[in-house]
Every structure is written in C-alpha cells, then in structure tokens.
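Results of the structural survey
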Amino acid sequence: MAVTQPASSPVEPRAATVRNPYSVLPNWLYPTFVVVALSLFALYAAWVVLFFKDGRFGPYLSPFNSPEFRVAIAGFAIPTGIWIFWIPLVFRFTCYYYRKAIFRSYLWHPRSCAVQEPSRGTYQGETRLFVFDNLHRFTFYIVVLQVAVLWYDAIAAFISNGAFHFGLGTALMLVNVVCLSGYTFGCHAFRHLAGGGLDCFSCHRARYRLWKGVTVLNIRHDRWAWVSMFTVWGVDLYIRLLQLEVLPRGAWN
Ligand code: FES
C-alpha cells in the first residue's frame, strides 16, 4: 500500500496513516473493546470471588466456584471461589492470544498493525517481568482437570432432588463447558504437545490426528477465548441472579 513520505527535513517525520487492508473499522475499536470487556470482567470476577461464599443454586454450580472446597477458619467460611479463581486467571493471562490482546490494548505495544507506537526499549519477550508467561503450559494441565470437573457439574445438573431436571441453567452450563473445552483444547501449548518435536508425522499417526484436531480449534482460538469468557460470565450471572432472588424460581429455571 502506497504511503506518502514527506520531503527530507531536519525534524523527525510524522508517521503517515496506513489503512488496514483487512478491515474498514477504525484501528482504535478493537483495543477499546478489549480494555472495556476485560476490565469489566475482572471487576465482576473480583466481586463474585470475594463477596459470595459459594456459587451453588439447586443443581447449578458456578464455574467460579467449582470444584467446591469448603474451608472455615475460626468459624469464618472462606469463599469457595478463593481456591479456584487463580487457575483460569493465570491460564488466560498467559494465553498466547490474550498476551497479544493485552499488549495491543493496554500497553499499545503496538496498538495495531502499521500504527506507530510510542518509543520504548527493546522488546524483551518472555524474560524479566514476563518470565511468568512460561507458566502457561503448566496451568494448561490444571485447567484440563478443571474442565473435566465442569463437565461433571454440567451432567450432574440434569439431576435435581433425585429426578431428571432440565432448565435454563442446565442449558447454560452445558454451552459453557462446550465453549471452555473449545478454548482449552485449542491451546497452542496443547497443539505443541500433540504434534511438536516430530520430524515424521506419518510415523506417529495418533499424534498427527490429535494435532489436526487441535489445529481445527486453534485456528479460531481468539473467538473461543472471547466466547468462553462470556459464557462463564453469563452462567455465573444467571446463578447469582437466582441466589439473590432477582430472578423468580420457576419450572423453567
Ligand atoms: Fe491460549 Fe493456551 S494459548 S489457552
């Protein structure tokens, strides 16, 4: 794409505006959306984890509180979400997609392709402050266990008081765990586990097939990341509204 350069000047030339050939949307829109959505979600998560002692309503259990660890210290019940919240938090914060989103949106490093950023030092990658990004593959192992527990919760929600039950909460929990699975099993670290370090795919058919399956999810990893974040948010909000009796209890829920 042609960019007009100013004639030579002793003054540092201003960066010319370059249009993104893949989108007609303004380049501030995506970073703004990321900052607003992630910040609101973080505030909501802090409210839920700190101020609700559990996340259960009938057969429904919030993903913020699963698995349930009930611990009381000196008679004070510790909110069950305290033991859980850090696992998905570290997993998402170190996710390859969220790193890009955070760098672009919160740090403007850079804000978008072909947009000049404020002058900074050399990019340090996964060193110094960002060495904790290397935790990602380890949190993946823990999150896999957590997703297995959430599948159990979603299936268990079909039983209420010993009888079959299907309500809006059951459907939301099911959709949520499907989306979380799509996000988790499309992880770049998992893709590397499946197919990395191989010189000969045909010698390892099982790993090659697994790698192809992970790749299908991985191609849309950013979409899975957002959708699963909103489904976690949605299912939890639904349970909180029931707990707080904002939503009336009925056969449908
Ligand atoms: Fe996003 Fe692993 S890279 S979850």
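See the structure shown above.
Residues numbered from 1 in each chain as written. Predicted model: local features only at pLDDT ≥ 70, side-chain atom pairs only at ≥ 80, totals over all residues. Heavy atoms only, no water.

**A word on the overall build of the chain**
Going by this rule: Counting from the N terminus, the helices are DSSP H or I runs at least four residues long and the strands are E runs at least two residues long. Three labels apply to residues, based on accessible area from a 1.4 Å probe with only protein chains included: buried if under 20% of the type maximum, exposed if over 50%, partly exposed otherwise in between. We call two residues in contact when some of their heavy atoms are within 4.5 Å.
In terms of helices and strands, the chain carries eight helices and six strands. The linear arrangement of helices and strands in the chain, starting from the amino end, is α-β-β-β-β-α-α-α-β-β-α-α-α-α. Overall size of the chain, expressed as C-alpha extent along the three principal axes, is 80 × 50 × 40 Å. Of all 253 residues assigned to the chain, the portion counted as buried reaches 38%. For the chain, restricting intrachain contacts to residue pairs at least 6 apart in sequence, the fraction spanning at least 24 positions comes to 69%.

**Considering unusual backbone geometry**
The bulk of non-glycine residues show a negative phi, and the bulk of peptide bonds are trans. Following S66, the chain continues to P67 via a peptide bond in cis, the omega torsion being 0°. Its location among the elements puts P67 in the loop between β2 (60–61) and β3 (71–73). Positioned with a positive phi, N161 is a non-glycine residue whose angle comes to about 50°. Considering the arrangement of structural elements, one finds N161 in the loop between β5 (159–160) and β6 (163–164). Residue classification places N161 among the exposed residues on the basis of a relative accessible area of 83%.

**Concerning the state of the cysteines**
Quick reminder of the rule: Two cysteine sulfurs form a disulfide in these notes if their separation is within 2.5 Å.
In this structure the tally under the stated criterion is one disulfide. With a sulfur-sulfur separation of 2.0 Å, C200 is cross-linked through a disulfide to C203. Taking the sign of the S-S torsion, 80° for the link of C200 and C203, the bridge is right-handed. By relative accessible area, C203 is classed as exposed at 54%.

**What to know about helix α3 (residues 96–105)**
The buried count for α3 comes to eight of 10 residues, which makes it a mostly enclosed element. Taken as a whole, α3 has its buried residues at Y97, Y98, R99, A101, I102, F103, R104 and S105. Those residues of α3 that are buried are in contact with α1 (29–51), α2 (86–93), α4 (136–156), α5 (168–184) and α8 (221–243).

**Regarding the environment of L244**
Inspection of the secondary structure puts L244 in the segment after α8. Assessed through its relative accessible area of 48%, L244 is described here as partly exposed.

**What to know about the nonpolar core**
Put simply, the rule is: By nonpolar core is meant a set of buried Ala, Val, Leu, Ile, Met, Phe, Trp, Tyr and Cys residues that side-chain atoms within 4.5 Å join together.
Ranked by internal contacts, the top residues of the largest apolar core, which has 42 residues, are L38, Y60, F64, Y97, Y98, W226 and M229. Mapped onto this core, the elements with two or more residues apiece are α1, α2, α3, α4, α5, α6 (188–195) and α8. For this core, the leading source of residues is α8, giving nine residues. Apart from the residues within four sequence positions on either side, Y98 is in contact with L38, R92, Y183, A225, W226 and M229.

**What about the pattern of salt bridges?**
Counted only if it meets this: When a carboxyl oxygen of Asp or Glu lies within 4 Å of a side-chain nitrogen of Lys or Arg, that pair is called a salt bridge.
Under the defined criterion, the tally for this structure stands at six salt bridges. A salt bridge links E68 to R56, with the nearest nitrogen and oxygen atoms 3.4 Å apart. Of this pair, E68 sits in the loop between β2 and β3 while R56 sits in strand β1 (residues 56–57), and the two are 12 residues apart along the sequence. A relative accessible area of 26% means that E68 is categorised as partly exposed. A relative accessible area of 33% places R56 in the partly exposed class. A salt bridge links R240 to D236; the nearest nitrogen and oxygen atoms lie 2.9 Å apart. One end of the pair, R240, and the other, D236, are both in helix α8, four residues apart, so they sit about a helical turn from each other. Of the two residues, R240 and D236, neither departs from the other in class, the shared state being buried. The structure contains a network of salt bridges with shared partners spanning K53, D54, R56, E68 and R70.

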